[in-house]
Amino acid sequence: MKLGALLSGLPGLELGAQRDLEISALAYDSRRVVLGTLFFAIQGEKADGHQYVSQALEQGATAIVSELKPPAGLAPRWIQVSKIRRALSHAGHNFYHQPDSRLKLVGITGTNGKTTTAFLIESILRAAGIPSGLFGTIEYRLGDRTVTAGNTTPESLDLLTYFDELLKGGAKAAVMEVSSHALAQERVWEFQFAAAVFTNLTQDHLDYHKDFESYFAAKRRLFEGLGTNPPALAVINANDPWGGRLLGMKFARLLTFGMNSNAEVKVGQFAQSASGIQATMVIPGGTIEIKSPLLGRANMMNILAATATAIGLEVDTKPIQAGIASLECVPGRFERVVAGQPFLVLVDYAHTDDALRNVLKTARELTRNRLIVVFGCGGDRDRAKRPLMGEVAGTLSDLAVLTSDNPRSEDPLRIMSDAMVGLQKSGRPYLAEEDREKAIRTALERAHEGDVVVLAGKGHETYQILKDRTIPFDDHEVARRMLREMGYRGNGKNGKTANRVPR
């Protein structure tokens, strides 16, 4: 494809003889450059693509796209643009012939609930006979192929490549989490969403966005449209005050959801047990009965969001019921660890004060005795939320065990000290153990019949990020191994309690 055709319509760009350059591939990673590639030099948070321009040229790049002026001698092969990520997405859309417009694209944004809501929507669409891709924090699903997620929301070029693959495999839709970072950085520029979902907004990522208004402004962009028309369908949490600020916008169709509100999709009756949720949902024109293996009120909110989205996309009620019922769990989201023990062990990704509050309130409803929580705070992230998390953990549990959680470049003890301020403020019992494995063992060894133990913060992650290395670490597997070492025996599947084996 000619360079002129790839960049055609990009505002403010004037091409001379460069427009006739033949381009056979696009890349922003020099390791993916082949002969005939148009290379986009992006200055990211961790790496600067300009450092790899020479390598890209040596590997056969035809031309370089950058926000910077051309270095000496490279002017004939250098295209300067005002917004590099807009240019990358624009070229990618032209290269792959607007694949997002040929899919029913659903975007989900918010602080908490994005992953589970995305899994639910994808499950409903599958039950409705609509083959769909799934993109989010845990993984990217491309038909029969699954890719471990790098970012919650990939770069535009990666998404467009995946969408092209989905279309060739017969997919009709794609469901994706859209992070605030991706929106602020315009990784989804020119993507046309059929539906946009807003779950909630609570404190997180303020190390990046600096303040709540900027954080909200990033989320709002999904509903405004990034170089495109706004999504035809908006699905908004009516219980969230920030969601309320989106309701004044104009959409072709708007559906609201909530637990106890004037929302169009809401709960009529709600019951839960250790085996899951049973509820009656009020929907436009009637009601719908659902059963779900998922646990907790937070997941009920996710089910409401997914149901409202499906209704807005004109999916019938039977596939909605079937899709909700068939989703047994979401990795690392209120996920049970079953090894025959007489107490409930849950792994959850909660790593903000609000998410931890929701998880512990839900866990309390399932507790017949004591609630124990193991938690930590991530390094190189918003410090202001650490004492808030500590206070929530202390106030809402019977015993909090403070530990380490991806300290990255920071001193783990310093991070723990920040959280300890909140624990001490709560005035409740707590323990501190830097070694996460020992902390989990401490919690499990103190658990008795009827207790609930929550392992919070890492969820689906299978690693621990330290200052100088990343090591394997999976809360789910660590807990299961320890329970077996403690003498419990169970198949880990049906949740039945077995007697402890004497040692």
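Residues numbered from 1 in each chain as written. Predicted model: local features only at pLDDT ≥ 70, side-chain atom pairs only at ≥ 80, totals over all residues. Heavy atoms only, no water.

Draft legend 1. Representation of the overall build of the protein within the structure. Helix and strand counts for the protein stand at 16 helices and 23 strands. Compactness check: the protein gives a C-alpha radius of gyration of 24 Å against a globular reference of 23 Å for 503 residues, within 12% of the reference. If you line up the protein on its principal axes, its C-alpha atoms span 80 × 55 × 40 Å. Contacts in the protein between residues far apart in sequence, at least 24 positions, make up 66% of those at least 6 positions apart. For the protein, the computed accessible surface area is about 21200 Å², with 48% contributed by carbon and sulfur atoms. Positive and negative side-chain charges of the protein, numbering 60 and 56 respectively, have mean locations separated by a distance of 3 Å. (Helix = DSSP H or I, 4+ residues; strand = E, 2+ residues; numbered from the N terminus. Rg over C-alpha atoms; globule rule 2.2 N^0.38 Å. Contact = heavy atoms within 4.5 Å. Areas by Shrake-Rupley, 256 points an atom, 1.4 Å probe, with all protein chains shown as cover. Lys, Arg positive; Asp, Glu negative; His and termini not counted. Charge placed at Lys NZ, Arg CZ, Asp CG, Glu CD.)

Draft legend 2. Spatial organisation of the environment of A195. As for its position among the elements, A195 is in strand β10 (residues 195-198). Taking relative accessible area as the criterion, A195 reaches 0% and is therefore assigned buried. Linking A195 and P230, residues 35 residues apart in sequence, is a C-alpha distance of 9.0 Å. Leave out the neighbours within four places in its chain, and A195 touches L105, V106, G107, P231, L233, T309 and L313. (Buried < 20%, exposed > 50% of the residue type's maximum accessible area, 1.4 Å probe, protein only.)

Draft legend 3. Structural context of the sheet that holds strand β17 (residues 344-348). Spatial strand order, β16-β17-β21-β18-β19-β20: six strands in an open sheet with mixed pairing. Taken across any chain shown, the strands that pair with only one partner, and hence form the sheet edges, are β16 (335-336) and β20 (430-432). Taken together, the four bridges between strand β18 (residues 371-375) and strand β19 (residues 399-402) define a ladder with parallel strand orientation. Its bridge partner being in β19, V374 is matched across the sheet by V401. Its contacts with the sheet put helix α15 (residues 436-446) on β17, β18, β19, β20 and β21 (452-456), and the angle it makes with β18 is roughly 180 degrees. Its contacts with the sheet place helix α16 (residues 475-485) against β16, β17 and β21, and it is angled at close to 160 degrees to β17. (Pairing = 2+ DSSP bridges. Axes fitted to C-alpha atoms, helices over the stretch in contact; angles between N-to-C directions.)

Draft legend 4. Here's a closer look at the environment of T395. Inspection of the secondary structure puts T395 in helix α13 (residues 385-396). T395 sits 34 residues away from P429 along the chain, and the two C-alpha atoms are 9.3 Å apart. Setting aside residues no more than four positions away along its own chain, T395 makes contact with S426 and R428.

Draft legend 5. Region of interest: the nonpolar core. Ranked by size, the top nonpolar core spans 57 residues in total, and within it L38, I79, F135, F163 and F223 carry the most contacts. Discounting chain neighbours no more than four positions away, the residues touching I79 are L3, L7, L13, L15, Q18, L38, A63, I64, V65 and S66. L134, I303, A310 and I320 belong to the second-largest nonpolar core, a separate cluster that totals 43 residues. (Core = buried A, V, L, I, M, F, W, Y, C linked by side-chain atoms within 4.5 Å.)

Draft legend 6. Seen up close, the pairing of strand β3 (residues 63-66). Of the two faces of β3, the one holding A63 and V65 and the one holding I64 and S66 are both buried throughout. Where strand β2 (residues 37-40) meets β3, three bridges bridge the pair, whose relative direction is parallel. The residue of β3 that forms the bridge with F39 is I64.

Draft legend 7. Structural context of unusual backbone geometry. Of note, E314 is a non-glycine position whose phi angle comes to about 65 degrees, a positive value. Within the secondary structure, E314 is located in the loop between α10 (297-312) and α11 (317-326). Within the chain, D380 stands out as a residue other than glycine whose phi angle is a positive 60 degrees. Relative to the assigned elements, D380 resides in the loop between β18 and α13.

Draft legend 8. Focus on the packing of helix α4 (residues 114-127) against α10. Running from N to C, α4 and α10 cross one another at 45 degrees; their axes reach a closest spacing of 9 Å. On the basis of their axis angle, the class for α4 and α10 is oblique. When the axes of α4 and α10 are compared, the crossing they make is right-handed. Taking contact as the criterion, the partners of T116, T117, L120, I121 and I124 in α4 are, on α10, N299, N302, I303, A305, A306, T309 and A310. Here the contact of α4 with α10 is composed, by residue class, of seven nonpolar, five polar and no charged. (Parallel < 35°, antiparallel > 145°, perpendicular 65-115°, else oblique. Left-handed = near helix turned anticlockwise from the far one by under 90°. Nonpolar A, V, L, I, M, F, W, Y, C, P; charged D, E, K, R; others polar.)

Draft legend 9. Spotlight on the pattern of salt bridges. According to the stated counting rule, one finds 31 salt bridges in the structure shown. Here R221 and E186 are joined by a salt bridge, their closest N and O atoms 2.8 Å apart. Pair noted here: R221 is in helix α8 (residues 212-224) and E186 is in the loop between α6 (180-184) and β10, with a separation of 35 residues, a long-range link. Overall, E186 belongs to the buried group, its relative accessible area being 9%. Ionic pairing is found between R383 and D418, a salt bridge with its closest N-O pair at 3.0 Å. With R383 in the loop between β18 and α13 and D418 in helix α14 (residues 412-426), this pair connects stretches of sequence that are 35 residues apart. (Salt bridge = Lys/Arg side-chain N within 4 Å of Asp/Glu carboxyl O.)

Draft legend 10. Geometry of α13. The end-to-end C-alpha distance of α13, which contains twelve residues, comes to 16 Å, matching closely the 16 Å that a straight helix rising 1.5 Å per residue would cover. Within the sequence span of α13, burial applies to K385, R386, M389, G390, V392, A393 and G394. Check the buried side of α13 and you find it contacts α12 (353-365), β18, β19 and α14. (Expected span 1.5 Å × (residues − 1).)

Draft legend 11. Local environment of the packing of aromatic side chains. Scanning all chains against the criterion turns up ten aromatic pairs. Between F135 and Y140, the ring centres sit 5.8 Å apart and the planes meet at 40 degrees, which makes this aromatic pair tilted. Take F135 and Y140: they sit in the same class, and that class is buried. Here the aromatic cluster, defined as three or more aromatic residues joined through ring pairs, consists of F135, Y140, Y162, F163 and F191. We note R86 situated over the ring of W189; from NZ or CZ to the ring centre the distance is 3.7 Å. (Phe/Tyr/Trp six-rings, centres within 6.5 Å; stacked < 30°, edge-to-face > 60°. Lys NZ or Arg CZ within 6 Å of the ring centre and 35° of its normal.)

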